[in-house]
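Chain and residue survey
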Amino acid sequence: QKEVEQNSGPLSVPEGAIASLNCTYSDRGSQSFFWYRQYSGKSPELIMFIYSNGDKEDGRFTAQLNKASQYVSLLIRDSQPSDSATYLCAVRKGYKYIFGTGTRLKVLA
Amino acid sequence: GAVVSQHPSRVICKSGTSVKIECRSLDFQATTMFWYRQFPKQSLMLMATSNEGSKATYEQGVEKDKFLINHASLTLSTLTVTSAHPEDSSFYICSARRTSGGADTQYFGPGTRLTVL
């Protein structure tokens, strides 16, 4: 079992819809969770981090954490074609981050 | 967000030469930086952790004599690919760890695309 798992996609959503990206992790003791966005040919860009159970909102993005079920999700409201990218979930393990393989999101105009 | 720069952004070199990549945290001090490589359509692979003032910690399978890392200051880490070969061609990305305000996050540089002929 991988430490951090994501569906590779692609996840296709129409413009204006809500995109829901999911990530599960295996280490129940994990405390810190991160979402990065990576455009093709570019490096990852931090979108959000979440430490506590529940929701955390930042603009059109909402991160959701459920430690009991060991999943973290990212919701993107009012999706735009410019949101089309690969979204990487990361879990901090000590000082290192363990990255998932990413979910490719396509927002269709 | 924090700013991390990386130089050069792109390099093409001949087989057998060495290439140095610099990673700088521009607006914060980073005692820890990380070096990753990424092959097309694959996820990030952590190569090593760079600690200011001490030796780098390499991940299993990464040759420390081939990928030399120096973290000479709180804002600069360098990765030198020695005697590069075509199989070393990849996208190399550094990140800097920022711990402030109760948060502990990594910020990535823009990456260096290395092509070895």
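This section reports on the structure supplied with the text. Note that the structure is predicted; figures quoted are calculated from it, not measured.

Between chain B and chain A, the residue contacts involve 23 residues of the former and 18 residues of the latter. Counting the surface chain B buries against chain A, the share from its top three residues, Asp104, Gln106 and Phe108 of chain B, is 28%. Run the count over chain B and chain A and you get two salt bridges. Between the two partners, chain B and chain A, sit nine residue pairs in polar contact (both at pLDDT 80 or more). Contributions of two or more residues to the side of chain B that touches chain A are made by strand E4 (32–38), strand E5 (45–51), strand E9 (90–100) and strand E10 (103–108) of chain B. No other element matches the six residues that E10 of chain B contributes to the side of chain B that touches chain A.

Residue and element names in this part refer to chain A. Read from one edge to the other, the open sheet built from five strands follows the order E1-E3-E8-E7-E6, with strand pairing classed as antiparallel. The sheet is open, and its two borders are formed by strand E1 (4–5) and strand E6 (54–58), each paired with just one other strand. As paired elements, E6 and strand E7 (residues 61–66) share five bridges and run antiparallel to each other. Among the inter-strand pairings, Lys56 is bridged to a residue of E7, identified as Ala63.

One face of the sheet, then the other: side chains in a regular strand alternate in exactly this way. Residues and elements named next belong to chain B. Of the two faces of strand E3 (residues 19–25), the one holding Val19, Ile21, Cys23 and Ser25 is buried and the one holding Lys20, Glu22 and Arg24 is not buried anywhere. Sheet topology places strand E1 (residues 4–7) next to E3; four bridges connect them, and they run antiparallel. Along E3, the bridge assignment pairs Ser5 with Arg24.

Calculation notes
- Residues numbered from 1 in each chain as written.
- Chains lettered and ligands numbered in written order.
- Predicted model: local features only at pLDDT ≥ 70, side-chain atom pairs only at ≥ 80, totals over all residues.
- Heavy atoms only, no water.
- Contact = heavy atoms within 4.5 Å.
- Buried area = accessible area lost by both parts, 1.4 Å probe.
- Salt bridge = Lys/Arg side-chain N within 4 Å of Asp/Glu carboxyl O.
- Polar contact = N/O pair within 3.5 Å; in protein donor to acceptor, adjacent residues only side chain to side chain.
- Helix = DSSP H or I, 4+ residues; strand = E, 2+ residues; numbered from the N terminus.
- Pairing = 2+ DSSP bridges.
- Buried < 20%, exposed > 50% of the residue type's maximum accessible area, 1.4 Å probe, protein only.

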